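An overview of the molecular structure
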Amino acid sequence: MKAPPVPQKDGPRINRDIRAREVQLIDAEGHNRGVIDTLEAQQSADDAGLDLVEIVPTANPPVCKILDYGKFRFLEQKKSAEARKKQKIVEIKEIKLRPGIDEHDYDTKMKAVRRFFEEGDKVKVTLRFRGREMAHQDLGFRLLERVKTETGTIAKVEAEPSMEGRQMIMVLAPK
């Protein structure tokens, strides 16, 4: 019969959880108090009515700061939520073309490509060959070159046109 394992706490060690004998202390005002015995630092934190929080555990000696741990956790959560909110997930949108595409259909597809770039997404242009079209891959290559030149001002080529089975693929990303 073994005792259940002690649950690991996430986040920095605080107060009595700090295991180092001495720490580099930063007081509540942000002033560096130098290397101090951990018990003395804990006493200073208790006198101020705040917590002793291990900020840099990898330093030698560890850097600890006297602060309100509840407020510290709240601000950390707020920072991470703000970072997640500002994050943009780039999607890859696909446009499928055929070598014998008509002019108006091509214009419609290009309008969609421009809209995708305005939204900040990457575009995968897929050109599918069927039957005897495989004998005329140069027409498909010219079509992808045309797409590349028309989007040259708003996009950069991430993957040059290449054959994969019966389709030619090119990936474009917004500038």
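Residues numbered from 1 in each chain as written. Predicted model: local features only at pLDDT ≥ 70, side-chain atom pairs only at ≥ 80, totals over all residues. Heavy atoms only, no water.

**Quick notes on the nonpolar core**
- With 19 residues, the main nonpolar core has I95, L97, V123, V125, L127, V147 and L172 as its most contacted residues.
- Those elements that provide at least two residues to this core are β5 (92-97), α3 (103-118), β6 (122-128), α4 (137-150) and β8 (167-174).
- When residues in this core are grouped by element, the largest group, six residues, is from α3.
- Filtering out sequence-adjacent residues up to four positions away, L172 remains in contact with F117, K122, V123, V125, V147, T151, A155, K156, V157 and E158.
- Ranked by size, the runner-up nonpolar core spans nine residues in total, among them V23, L25, L52 and I66. (Core = buried A, V, L, I, M, F, W, Y, C linked by side-chain atoms within 4.5 Å. Buried < 20%, exposed > 50% of the residue type's maximum accessible area, 1.4 Å probe, protein only. Helix = DSSP H or I, 4+ residues; strand = E, 2+ residues; numbered from the N terminus. Contact = heavy atoms within 4.5 Å.)

**Comments concerning the domain arrangement of the protein**
- Domain annotation for the protein reports domain 1 (15-84) and domain 2 (92-174).
- A separation of 56 Å is found between the C-alpha centroids of domain 1 and domain 2. (Domains from an automatic or database assignment.)

**Re the UniProt feature "domain: Translation initiation factor 3 C-terminal" (unreviewed entry) in the protein**
- Under the local residue numbering, the UniProt record ascribes the feature "domain: Translation initiation factor 3 C-terminal" (unreviewed entry) to residues 90-175.
- Helix makes up 35% of residues 90-175 and strand makes up 36%, while its end C-alpha atoms are separated by 13 Å. (UniProt positions renumbered as here; feature names shortened; annotations may be inferred.)

**Focus on the pairing of β8**
- The buried count for β8 comes to six of eight residues, which makes it a mostly enclosed element.
- Sheet analysis places β6 next to β8, joined by six bridges and oriented antiparallel. Paired with L127 across the strands is M168, a residue of β8.
- Sheet topology places strand β7 (residues 155-164) next to β8; seven bridges connect them, and they run antiparallel. Across the sheet, residue S162 finds its bridge partner in β8, namely I169. (Pairing = 2+ DSSP bridges.)

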